[in-house]
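Breakdown of the fold
If you want the building blocks of each chain, they are given just below.
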Amino acid sequence: MAKVDFKKTIDAYRARKGRFDLVEVPALSYLMVDGHGDPNTSPEFATAVEALFPLAYALKFASRNELDRDYAVMPLEGLWWAEDHSAFTSARDKSRWHWTLMVMQPDWIDQRMFASAVENVTKKHPDRRAGEVRLETLHEGLCAQTLHVGSYDDEAPVLAQMHGEFLPAHGMRMTGTHHEIYFSDPRTGDPAKRRTLLRQPVRPLS
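None of the values given here were measured: they were computed from a predicted structure.

Let's shift gears to the layout of surface pockets. Of the pockets and cavities examined, the largest pocket occupies roughly 670 Å³. Taken together, 29 residues line the largest pocket, and the ones lying closest to its centre are Phe45, Leu76, Tyr152, Pro186 and Arg187. Every element with two or more residues in the lining of the largest pocket is listed here: α2 (43–67) and β10 (178–182). Among the elements that make up the lining of the largest pocket, the one with the highest residue count is α2 (six residues).

With the rule as written, the count across this model stands at nine aromatic pairs. Between Phe45 and Trp99, the ring centres sit 5.1 Å apart and the planes meet at 80°, which makes this aromatic pair edge-to-face. Here Phe45 is found in helix α2, whereas its partner Trp99 is found in strand β6 (residues 98–105), with 54 residues between them in sequence. Across the pair, Trp99 and Phe45 agree in class, each one buried. Between Tyr152 and Tyr182, the aromatic rings sit 5.6 Å apart at their centres with planes inclined by 75°, giving edge-to-face as the arrangement. Taken together, the residues span a long stretch of sequence, with Tyr152 in the loop between β8 (141–149) and α4 (156–169) and Tyr182 in strand β10 at a distance of 30 residues. Every member of this aromatic cluster is reached through a ring pair, and the members are Phe45, Trp80, Trp97 and Trp99. Taking NZ or CZ as reference, Arg69 lies 3.7 Å from the ring centre of Trp108, over its face.

Under the 1.5 Å per step criterion, the end-to-end length of α4 is 19 Å for 14 residues, consistent within 8% with the ideal 20 Å. Taking the largest bend as the criterion, α4 deviates by roughly 30°, centred on Met162. Those residues of α4 that fall on the buried side of the exposure criterion are Ala156, Leu159, Met162, His163, Phe166 and Leu167. Check the buried side of α4 and you find it contacts β2 (21–25), β8, β9 (172–174), β10 and β11 (195–204). Two residues or fewer after α4 comes Gly171, characterised by a positive phi angle close to 65°.

Here is what the cut-offs are and how they apply
Residues numbered from 1 in each chain as written. Predicted model: local features only at pLDDT ≥ 70, side-chain atom pairs only at ≥ 80, totals over all residues. Heavy atoms only, no water. 1 Å grid on protein atoms, 1.4 Å probe; cavity = no way out; pocket = protein on both sides within 12 Å on 5 of 7 lines; lining within 4 Å. Points joined across faces, edges and corners; volume = space filled by probe spheres on them. Helix = DSSP H or I, 4+ residues; strand = E, 2+ residues; numbered from the N terminus. Phe/Tyr/Trp six-rings, centres within 6.5 Å; stacked < 30°, edge-to-face > 60°. Buried < 20%, exposed > 50% of the residue type's maximum accessible area, 1.4 Å probe, protein only. Lys NZ or Arg CZ within 6 Å of the ring centre and 35° of its normal. Expected span 1.5 Å × (residues − 1). Bend = angle between axes of the 7 residues up to and from the residue. Contact = heavy atoms within 4.5 Å.

As structure tokens, this is what we get:
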């Protein structure tokens, strides 16, 4: 049974450090759970991550056992926003952040399989927030993105360049929600070597 790695087969999961690109992101299915607050200190953030990955692995094994289709579990992703945009970009006031954490799913994972996985994970881990997770499609369409290598707290200058230079130069404006894909485990390793895809949905000015 061949194992699919969607990071290699979906173009939108590719980005390069030091370069901004415009890419068309297709409609994709995700496990999603919402929350608010500083990801470094909020217990809500930690329990959201703990809710997502048992479900992601339960669905992977169900796909392999029931459908003979295997795939690599995808990395953690996050949509981020704040009522005052500067709280997320320049001011970096993390206490005011809202977020939706996500793990991408193959298009053959349906609501029946998802409901069964929630039921099984809840039985095994009743303390997890599996019941708060949903399976939903997100279609971002045209996006600007780049690869950031380094600490999350060093993203602000990269975002400022994307928003203030790259988008105006290409006749684009921001729409939708800032999106990050974490290729490195934030719990381990050197923060200076973390690889994070930074994505912003956009549309033409005219």
